Amino acid sequence: MSFLETILEPGRLSVLFQPIMELRELRPRLWAVEALVRGPGASSLEPAPILFDYVRRKRAEAVVDRACVTAILDAAVALPPSLDFSMNIHAVTLSRDPEFLCFLTDAAEARSIPLSRLTVEIVEHAPEWADSGLAEGLDALRHIGIRIALDDVGLGQSNYRMMLDCKPDYFKIDRHFVKGSHCDFYRQAVLESVAQLARRFGARVIAEGIEDPVDLDTVRSLGIDLGQGYLFAAALAPPALASSGFWEGPAPSGTTPEANRRPRPWARTERREEV
Amino acid sequence: MTKRLLIVDDEESILVGMKRYFRSRGYEVDCATEREEAEALLSHVPYACVIADLCLRAGHGADGLDVVAYVGARQPQTPVVVLTAYGSPAAEAEAGRLGASVFLSKPQPLERLAEVVGGLVGSRS
């Protein structure tokens, strides 16, 4: 059995969710979560970067994206029904799999998940997306109420042309530009320019990879009001997110919400701002 | 620091045996059954040594040489041991040209293979 066949077996992919925080108010609050898929447990290809590198080399993005959608929607059933979530989909899947939209719609409906809760994050590492019907695929997504985010802004294929083709509702700026931005004039310049560009598009920016309270201060000061990263939470399963206090919900067996409540590092930022 | 090996072979039974053997000798071991899997791993994980079968898929010739070439491009300092049951002087020469360090015929006692790998990575094996 090839590794691709293994991936496509039901139940072999696992899904975690990383909180995306609203940063407008002094105390960041949960705004949505991003679904992050992991490869089969205990395999060399469990980490997402290696898993999807393999998938792209096999040119199997469309079929694996479908498997990911199934796994994500199965896992999303455990999220609070009012919480929005996003999932990564390759641009080539949208442009080359005409049945993908029907598949996604049917899969969400089967689990009673309203499409209005969904944001599709467009990822792409190969240039082939440019040659076919990506625009039509995105229009169709919007038509059924799904929002569009452009992932990895600033890296690889997430360039100006992709911005024009996607006209995203959200620009997800890569962690490369966020980490260390508090002491790097050039990173600040990039963040500021993306924030301005997003405003002109009528979009919002999500800063990825916020790990340090001073970087949080920086992205806020540059007009970015959504963010995610280890400062707030790693990617976790829904019960662990609930027990960490992100929402009311059942704790994993043998634990209590209070015992699992992690210290909130961004509180340090609040204290500093109050002084 | 534990040294990490990548073993590339399309025969699961060989992979399982080699993985168990090299783990017992203190190595971390990743396995791949196909070229794309090996390349994805090589793009993200640094290896002390790669052991690659010459023929990864029946009827596709010496596609293990693609793995040798990829190691040369991505991790030029990493030694490669090429194993084959169907060796030919031409294949051996090509493997050497692409950067393979050692060319061994199958079957090969695991102790001998461990000796070769140990010599290449500079550890006791």
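Just so we're clear, the structure is a prediction, and the values are computed from it rather than from any experiment. (Residues numbered from 1 in each chain as written. Chains lettered and ligands numbered in written order. Predicted model: local features only at pLDDT ≥ 70, side-chain atom pairs only at ≥ 80, totals over all residues.)

1. Considerations on the sheet that holds strand β5 (residues 102-105) of chain B
Residues and elements named next belong to chain B. Strand order in the open sheet made by the five strands is β2-β1-β3-β4-β5, with parallel pairing throughout. In this open sheet, the two edge strands, each paired with only one partner strand, are β2 (28-32) and β5. Across the sheet, the mean angle from the axis of one strand to that of its neighbour is 20 degrees, orientation sign disregarded. Sheet analysis places strand β3 (residues 49-53) next to strand β4 (residues 80-84), joined by four bridges and oriented parallel. By the bridge assignment, aspartate 53 is partnered in β4 with leucine 83. (Pairing = 2+ DSSP bridges. Helix = DSSP H or I, 4+ residues; strand = E, 2+ residues; numbered from the N terminus. Axes fitted to C-alpha atoms, helices over the stretch in contact; angles between N-to-C directions.)

2. Observations concerning the interface of chain A and chain B
Quoted interface sizes are often the accessible area lost when the parts come together. With ten residues of chain A in contact, the opposing surface of chain B contributes eleven residues. Here the side of chain A that touches chain B is composed, by residue class, of five nonpolar, two polar and three charged. (Contact = placed C-beta atoms within 7 Å. Nonpolar A, V, L, I, M, F, W, Y, C, P; charged D, E, K, R; others polar.)

3. Considering the sheet that holds strand β1 (residues 14-22) of chain A
All names here are of chain A. Here eight strands make up a closed barrel; going around it, the order is β1-β2-β3-β4-β5-β6-β7-β8 and the pairing mixed. Bridge count for strand β6 (residues 170-173) against strand β7 (residues 204-207) is four bridges, and the pairing is parallel. Bridging from a neighbouring strand, tyrosine 170 pairs with arginine 204 of β7. Contacting β1, β2 (29-38) and β3 (84-90), helix α3 (residues 61-76) crosses the sheet at an angle of about 165 degrees to β3.

4. Side note on the confidence of the model for chain A
Residue and element names in this part refer to chain A. For chain A, per-residue confidence averages 86 on the pLDDT scale, and residues scoring 70 or more make up 86% of the total. Contacts of residues 251-263 to residues separated by more than four positions or lying in other chains number 18 contacts, the stretch itself having pLDDT below 50. Per-residue pLDDT stays below 50 along residues 267-275; that stretch engages in seven contacts with residues further than four places along the chain or on separate chains. (pLDDT = per-residue confidence, 0-100.)

5. Points about the nonpolar core
The nonpolar side chains of soluble globular proteins are, as a tendency, buried together. Among the nonpolar cores identified, the biggest contains 110 residues, and A:Ile72, A:Val205, B:Leu5, B:Leu6 and B:Val82 are the most heavily contacted of them. Counting residues per element, this core draws most heavily on α3(A), at seven residues. Discounting residues that sit within four places of it in the chain, A:Val205 has contacts with A:Phe171, A:Ile173, A:Val194, A:Ala195, A:Ala198, A:Ile224 and A:Leu226. (Core = buried A, V, L, I, M, F, W, Y, C linked by C-beta atoms within 7 Å. Buried ≥ 20, exposed ≤ 12 C-beta atoms within 10 Å, placed from the backbone.)

6. A word on the pairing of β7(A)
Residues and elements named next belong to chain A. Examined bridge by bridge, β7 and strand β8 (residues 226-227) share two bridges and lie parallel to one another. Of the residues in β8, the one forming a bridge with isoleucine 206 is leucine 226. In this region the chain leaves β7, passes through helix α10 (residues 213-221) and returns to the parallel neighbour β8; the handedness of that crossover is right-handed. (Right-handed = clockwise from strand over helix to strand, strands pointing away.)

7. Looking at unusual backbone geometry
In this model, B:Lys106 is joined to B:Pro107 through a cis peptide bond whose omega is -10 degrees. Looking at the element boundaries, B:Pro107 is found in the loop between β5 and α5 (110-121). Look at A:Arg59: it is not a glycine, yet its phi comes out positive at around 55 degrees. Relative to the helices and strands, A:Arg59 resides in the loop between α2 (48-57) and α3. The class for A:Arg59 is exposed, based on 12 C-beta atoms found within 10 Å. Even without being a glycine, A:Lys167 presents a positive backbone phi close to 40 degrees.

8. Digging into the environment of A:Ser193
Residue and element names in this part refer to chain A. Mapping serine 193 onto the fold places it in helix α9 (residues 185-201). A tally of 12 C-beta atoms within 10 Å means that serine 193 is categorised as exposed. Residues serine 193 and leucine 222 lie 29 residues apart in sequence; the distance between their C-alpha atoms is 9.1 Å.

9. Let's talk about α3(A)
Because an α-helix packs 3.6 residues into every turn, residues spaced three or four apart end up facing the same way. In a regular helix each residue adds 1.5 Å, so 16 residues correspond to 22 Å; α3(A) covers 21 Å between its end C-alpha atoms and thus fits that length. Along α3(A), the positions that sit buried rather than exposed are A:Glu61, A:Val64, A:Asp65, A:Cys68, A:Val69, A:Thr70, A:Ala71, A:Ile72, A:Leu73 and A:Ala76. (Expected span 1.5 Å × (residues − 1).)

10. Details of the packing of α3(A) against helix α5 (residues 100-110) of chain A
Residues and elements named next belong to chain A. For the pair α3 and α5, interaxial distance at closest approach is 10 Å and the crossing angle is 15 degrees. When the axes of α3 and α5 are compared, the pair comes out roughly parallel. Judged by the twist between their axes, the crossing of α3 over α5 is right-handed. From α3, Ala62, Arg66, Val69, Thr70 and Leu73 reach across to α5, where they touch Phe100, Phe103, Leu104, Ala107 and Ala108. (Parallel < 35°, antiparallel > 145°, perpendicular 65-115°, else oblique. Left-handed = near helix turned anticlockwise from the far one by under 90°.)

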